[in-house]
Amino acid sequence: MVKEKITACVNISKISSIYSWNNKIENSSEYLALFKTTQKNKKKLKEKIQKTHPYDVPEIAEINLSSINKSYLKWVVGSTL
């Protein structure tokens, strides 16, 4: 998605997740990916994640960027289409 300029950057961290799925408690290793993109690309990014993610119900959460520093926001905008 970085190559396609949908997102400027992706941070990926290995995490442990404990959750309920199909009436069972699951404990598994997963990867948390934080995608940095623009308001303009938000819908395209969410659609791409939904289509390519292996889970039936992937977590797609949005963090409001109203408090992001202007120089970083400028870089994100400049790194995306």
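Residues numbered from 1 in each chain as written. Predicted model: local features only at pLDDT ≥ 70, side-chain atom pairs only at ≥ 80, totals over all residues. Heavy atoms only, no water.

Participant: Now, about the environment of phenylalanine 35: what can you tell me, with residues and values included?
Facilitator: Along the chain, phenylalanine 35 falls in strand β2 (residues 24–36). Overall, the relative accessible area of 28% leaves phenylalanine 35 in the partly exposed class. The sequence separation of phenylalanine 35 and lysine 48 amounts to 13 residues, and the corresponding C-alpha distance is 12 Å. Not counting residues within four places of it along the chain, the set of residues in contact with phenylalanine 35 comprises Met1, Thr7, Cys9, Val10, Leu45 and Ile49. (Helix = DSSP H or I, 4+ residues; strand = E, 2+ residues; numbered from the N terminus. Buried < 20%, exposed > 50% of the residue type's maximum accessible area, 1.4 Å probe, protein only. Contact = heavy atoms within 4.5 Å.)

Participant: Any chance you could break down the packing of aromatic side chains for me, citing the residues and the numbers?
Facilitator: The final tally for this structure, using the stated rule, is 1 aromatic pair. Look at tyrosine 72 and tryptophan 75: their rings are 5.3 Å apart centre to centre, the planes differ by 45°, and that puts the pair in the tilted class. With a gap of 3 residues between them, tyrosine 72 and tryptophan 75 both fall in helix α2 (residues 70–78), about one helical turn apart. (Phe/Tyr/Trp six-rings, centres within 6.5 Å; stacked < 30°, edge-to-face > 60°.)

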